[in-house]
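# Survey of secondary and tertiary structure
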Amino acid sequence: MTSALPIPPRAGFVTRLAAFVIDALLLGVALRLTQWMLEGMARNLGRLAPPINLSAVVLAVWPFVIVAYLVVFWSTLGQTPGKWLLGLRVVSIGGGPLRLSQALLRVAGYILSALPCYLGFLWVLGPERRAWHDRLAGTEVLYVIKPEKRHEATKRLRQRLSAATAART
Amino acid sequence: MEQGGEQVSSGRLVLRFVLGTAEVAGERLVAALRVFDERRSSSGEALAWPAAAPRHVLVGALSSAPAGLQRAMARARPLAERTGRVAGRGLRSLARLPGAGRLQAASQEAWTRARTQLGRWAAAGLQEEMASRSLARAALPDLFELGMARLADSPELQELLQEQTEGLTSAAMNRLRAYSQGADQAAQGMVSRLLGRQPARRHRPALSRP
């Protein structure tokens, strides 16, 4: 069944890059906060137990956190916070949400795209607007087209105001 | 409200409130207008003069009416004094007629009664005005707060505010998205020109939405 909404076009390079930067900033802030909290804890614990370099532990665990962040958001909501802000959604090429395997493959594709000086990402500038990781995972990134919201209270107020004006005239 | 052990009637209370509100609000408005007027005159801002129109005659007449009335009263005062003197002489001549003494005493008594009554009314009015002002000063802030609380508690108003806030947020986000989509087109167009490709189509159908 096809809905009445227009088919959204694929997202371009600038929007996807902006969404990526927002996600990177969010993850960077989260990393710094976690390191700061754990370092404080380690300083306090150091008085009781042998000191542990928790900052190094966080750095070691962080790639897994990034993978989990991307995979969970893609496969559940279809968009990370950065993509949500820019109005993008990652969908399977056949339509519908990403499967877990597709999300994992897309993350692996990120590494593949980044290896030759990020050439795989620049593929978004092509006419198909699909990066290497999109092609690998069978996905595409679309602009989200939202139906217009019905502002009922505002409409009611407008109706009342126009009725009052009509009655006065 | 109690006054001398008696409960004030609701009509009188409403009248007091209306009177007090009008007086207090008028005083505050005048105070605010004086501040604005001083600020305006100190700023030295000069406006362009408009062309004279019939309405300016009316505005000029209204604004100079109080001063004109005062001048007319001052001019009429000697005439009134002369008329009063003539009338006094006439009355004194009439007082010589038989039975005029009784009539004069009765009119004097009526006049005294009327003055006493007017004095009583003035005292009551003064008291009423004081009570009105005091009631308005006490009631206005609380009534304003009550009104605001009612508005804040109104689900319809809350819904309206929520819709407007959502509308502002979504408008800002939509603008950001529109800019970024424009930038996408521009970047792609630039790359296409650099590579000597056909420019990208504006809306490529991706898939039919389920």
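Reading guide: rules and limits
Residues take numbers from 1 onward in each chain, read along the sequence in its written order. Chain A is the first chain written and ligand 1 is the first ligand written, with later ones labelled in order. Totals for whole chains, interfaces and linings use every residue, but because this is a predicted model, local features are given only for residues with pLDDT of at least 70 and side-chain atom pairs only at 80 or more, for both listing and counting. No hydrogens and no water enter the side-chain calculation; it runs on all heavy atoms of the structure. Helix and strand definitions here come from DSSP, where helices need a minimum of 4 consecutive H or I residues and strands a minimum of 2 consecutive E residues; each element is numbered from the N-terminal end. For this analysis, residues touch if any pair of their heavy atoms sits within 4.5 Å. Residue burial considers only the protein chains on display, and all accessible areas are found by Shrake-Rupley using a 1.4 Å probe. Per-residue confidence from the predictor is given as pLDDT, running between 0 and 100. One less than the residue count of a helix, multiplied by 1.5 Å, gives the span that helix is expected to have. Throughout, the bend at a residue refers to the angle made by two axes, fitted to the seven residues ending there and to the seven starting there. Working definition: with a 1.4 Å probe on protein chains only, accessible area under 20% of the residue-type maximum means buried, over 50% means exposed, and in between means partly exposed. When DSSP finds two or more bridges between two strands, those strands count as paired. What is meant by a nonpolar core is a set of buried Ala, Val, Leu, Ile, Met, Phe, Trp, Tyr and Cys residues, joined one to another through side-chain atoms within 4.5 Å. Here, a salt bridge means any side-chain nitrogen of Lys or Arg that lies within 4 Å of a carboxyl oxygen of Asp or Glu.

Broken down by element type, chain A carries 7 helices and 2 strands. In chain A, of all internal contacts separated by at least 6 residues, the share reaching a separation of at least 24 is 68%. Counting every atom, chain A has about 10,200 Å² of accessible surface; 72% of that belongs to carbon and sulfur.

Residue and element names in this part refer to chain B. Across chain B, the average pLDDT comes to 83, with 91% of residues at 70 or higher. The element-level mean pLDDT for chain B is lowest in strand S1 (residues 2–3), coming to 49, with helix H2 (residues 54–95) highest at 89. Across residues 203–210, confidence stays below pLDDT 50; counting only partners more than four residues off in sequence or on other chains, it has 26 contacts. Per the prediction output, this complex has pTM 0.52; the corresponding ipTM is 0.73.

This next bit is on helix H2 (residues 54–76) of chain A. Residue and element names in this part refer to chain A. Taking 1.5 Å of rise per residue, 23 residues should cover 33 Å, and H2 covers 31 Å from first to last C-alpha, within 8% of that figure. Taking the largest bend as the criterion, H2 deviates by roughly 40°, centred on valine 61, and proline proline 63 comes between one and four positions later. Considered for burial, the residues of H2 that qualify are Leu54, Ser55, Val58, Trp62, Tyr69, Leu70, Val71 and Trp74. As for H2, its buried residues are in contact with helix H1 (13–45), helix H3 (81–86), strand S1 (88–92) and helix H4 (100–114). One or two residues past the end of H2 sits glycine 78, with phi positive at roughly 85°.

Further remarks concern the pairing of S1(A). All names here are of chain A. Where burial is concerned, most of S1 is hidden: 4 out of the 5 residues are buried. Where S1 lies against strand S2 (residues 139–143), 5 bridges are found, and the strand directions are antiparallel. Among the inter-strand pairings, arginine 89 is bridged to a residue of S2, identified as leucine 142.

This paragraph deals with the nonpolar core. Residues and elements named next belong to chain A. Ranked by size, the top nonpolar core spans 17 residues in total, and within it Leu70, Trp74 and Leu88 carry the most contacts. Those elements that place two or more of their residues in this core are H1, H2, S1, H4 and S2. Broken down by element, the residue count for this core peaks at 4 residues, all from H2. For tryptophan 74, the residues in contact, after removing those within four places along its chain, are Gln79, Thr80, Lys83, Val90, Leu98, Ala103, Arg106, Val107 and Tyr110.

On to the pattern of salt bridges, then. One pass over the structure, following the stated rule, counts 11 salt bridges over all chains. For A:Glu140, the salt bridge goes to A:Arg10, with nearest N and O atoms at 2.4 Å. Taken together, the positions of A:Glu140 in strand S2 and A:Arg10 in the segment before H1 put the pair 130 residues apart, joining distant regions of the chain. Accessibility expressed as a relative area gives 1% for A:Glu140, which makes it buried. A:Arg10 gets classed as buried once you look at its relative accessible area, which sits at 6%. For B:Arg133, the salt bridge identified is with B:Glu27, shortest N-O distance 2.5 Å. With B:Arg133 in helix H3 (residues 100–153) and B:Glu27 in helix H1 (residues 10–43), the pair connects residues that are 106 residues apart, well separated along the chain. Owing to a relative accessible area of 34%, B:Glu27 belongs among the partly exposed residues under this scheme. Where salt bridges share partners, they join B:Glu23, B:Glu27, B:Arg133 and B:Arg137 into one cluster.

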